[in-house]
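What the coordinates show
One letter stands for each residue in the lines below.
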Amino acid sequence: MVERKRILITGASGFIGGFLVKEALERDYEVWAGVRARSSRKYLQDKRIHFIDLRYDSAEALVEQLREIVASAGAWHYVIHNAGVTKTLRKADFYRVNALHTRVLAEALAAADCTPRKFLLMSSLSSYGPVNENSFEPVRIDDDRQPDSLYGRSKLDAELFLKAQTRFPYIILLPTGVYGPGDRDYLMEIKSIQSGFDLKIGMKPQKITFIYVKDLAVAAFLAIENEAIKNRSYFVADGDVYTDTDFAHIVKKLLGKRFVMSLRIPAWMCYAACVFSGIAGRLTGKAMTLNTDKYHILKQRNWICETEPIRRDLGFAPAYDLEKGLEETIRYGRDNGLL
């Protein structure tokens, strides 16, 4: 009898996490979803899902928690560590959640005799920072890294720790712009265009790349299920390159908008908006999408990355280009009252 594979997916209640859970269920995994007690489970209604609120803030408590899981259900074969923050009121939380929690989880898995066959870390292209900003050459895995955002630095710290440990094999995925049904960041841009305004940041056009969330989930499972591939890092993108103008044109077409006012906002004006948005966030106690850390990401011009390695090594062939993915995203937004 073939043993059913067990997997832990952290950050399961988030945008990407929900699609990772769905992909795992479709592949008949026994799925354990790492979800905070206060997090919504709106998109995690499948009765096959096991839930666990991992105790990151206490290494000893987390080890004991994992030991109890091993004793009752057995160790997980795979772990996808997707939990993290992209915006936060307290800047220290970038390091605490994105980097330190990665280390705490990895060390607890080893201490609890719960080491997986493979540990996949969901990182980000932002961990490279502004690379090849003038030449627009694709960013490559072995390029020098110079993240200028706290988010990017925290993701890099998590990667460096995982590479240094020797307890279990790892895979690091570094997706570019992830979009799809339920995403809030790109939805802001879509809603702006729907209202008649296409606002671009910076006077120099961006070269940008994307990955549809469903394709990203498939890439993750190709990476963990290929036994020959381990201790490797891969960028994840659909392989096409767009400008910020291209993105707006596709959205305009899909929305059926005849006229949209297109404006380029100078970087200093964008920074001012991020400062005021951050102040508003502190006053309301809400982490804002626009903030001074996000500014560093918004002003970056080159988001092109190499995609041949993941296609060659894992046979990854995205099912969605940008237009197809945005069409599905916009349909979801309309069906759910978001547009």
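Okay, so let's go over this structure. These numbers were taken from a predicted model, which means no experiment stands behind them.

Quick look at the state of the cysteines now. Per the counting criterion, the structure on display carries 0 disulfides. Not engaged in a disulfide, the cysteine Cys270 finds its nearest cysteine sulfur in Cys274; these two sulfurs lie 4.2 Å apart. Cys270 gets classed as buried once you look at its relative accessible area, which sits at 4%.

This part is about the nonpolar core. Among the nonpolar cores identified, the biggest contains 58 residues, and Trp76, Leu109 and Leu326 are the most heavily contacted of them. Residues in contact with Leu326, not counting those within four places in the same chain, are Tyr179, Ile190, Phe247, Ile250, Val251 and Leu254. Residues Ala12, Val21, Ala33 and Ala223 belong to the second largest nonpolar core, which totals 37 residues.

Moving on to the packing of helix α5 (residues 185-194) against helix α7 (residues 244-255). Between two packed helices, what matters for the description is the angle formed by their axes and the separation of those axes. Close contact between α5 and α7 brings their axes to 10 Å; oriented N to C, the two are set at 65°. When the axes of α5 and α7 are compared, the crossing they make is right-handed. Residue-level contacts link Tyr186, Glu189, Ile190, Ile193 and Gln194 of α5 to Phe247, Ala248, Val251, Lys252 and Leu255 of α7. Split by residue class, the contact of α5 with α7 holds 7 nonpolar, 1 polar and 2 charged.

Rules used throughout
Here, residues in each chain are numbered from 1, in the same order as that chain's written sequence. Where totals are concerned, whole chains, interfaces and linings use all residues; where local detail is concerned, this predicted model gives features only for residues with pLDDT of at least 70, and gives and counts side-chain atom pairs only at 80 or more. Side-chain descriptors were evaluated using all non-hydrogen atoms of the structure, hydrogens and water having been removed beforehand. When two cysteine sulfur atoms lie within 2.5 Å, the pair is treated as a disulfide. When accessible area is computed with a 1.4 Å probe and restricted to protein chains, residues below 20% of their type maximum are described as buried, those above 50% as exposed, and intermediate ones as partly exposed. Residue types Ala, Val, Leu, Ile, Met, Phe, Trp, Tyr and Cys, when buried and joined through side-chain atoms within 4.5 Å, form a set referred to as a nonpolar core. By definition, residues are in contact when any of their heavy atoms lie within 4.5 Å. Between N-to-C directions, angles cover 0 to 180 degrees, with each direction set by a line fitted to C-alpha atoms, over the stretch in contact for helices. Under the scheme used here, helices are H or I runs from DSSP no shorter than 4 residues and strands are E runs no shorter than 2 residues, and both carry numbers assigned from the N terminus. By convention the crossing between two helices is left-handed if the near helix lies anticlockwise of the far one by an angle smaller than a right angle, and right-handed if it lies clockwise. As a working rule, the residues Ala, Val, Leu, Ile, Met, Phe, Trp, Tyr, Cys and Pro are called nonpolar, Asp, Glu, Lys and Arg charged, and the rest polar, with Gly in that last group.

Coordinates in, geometry out; function isn't part of it.
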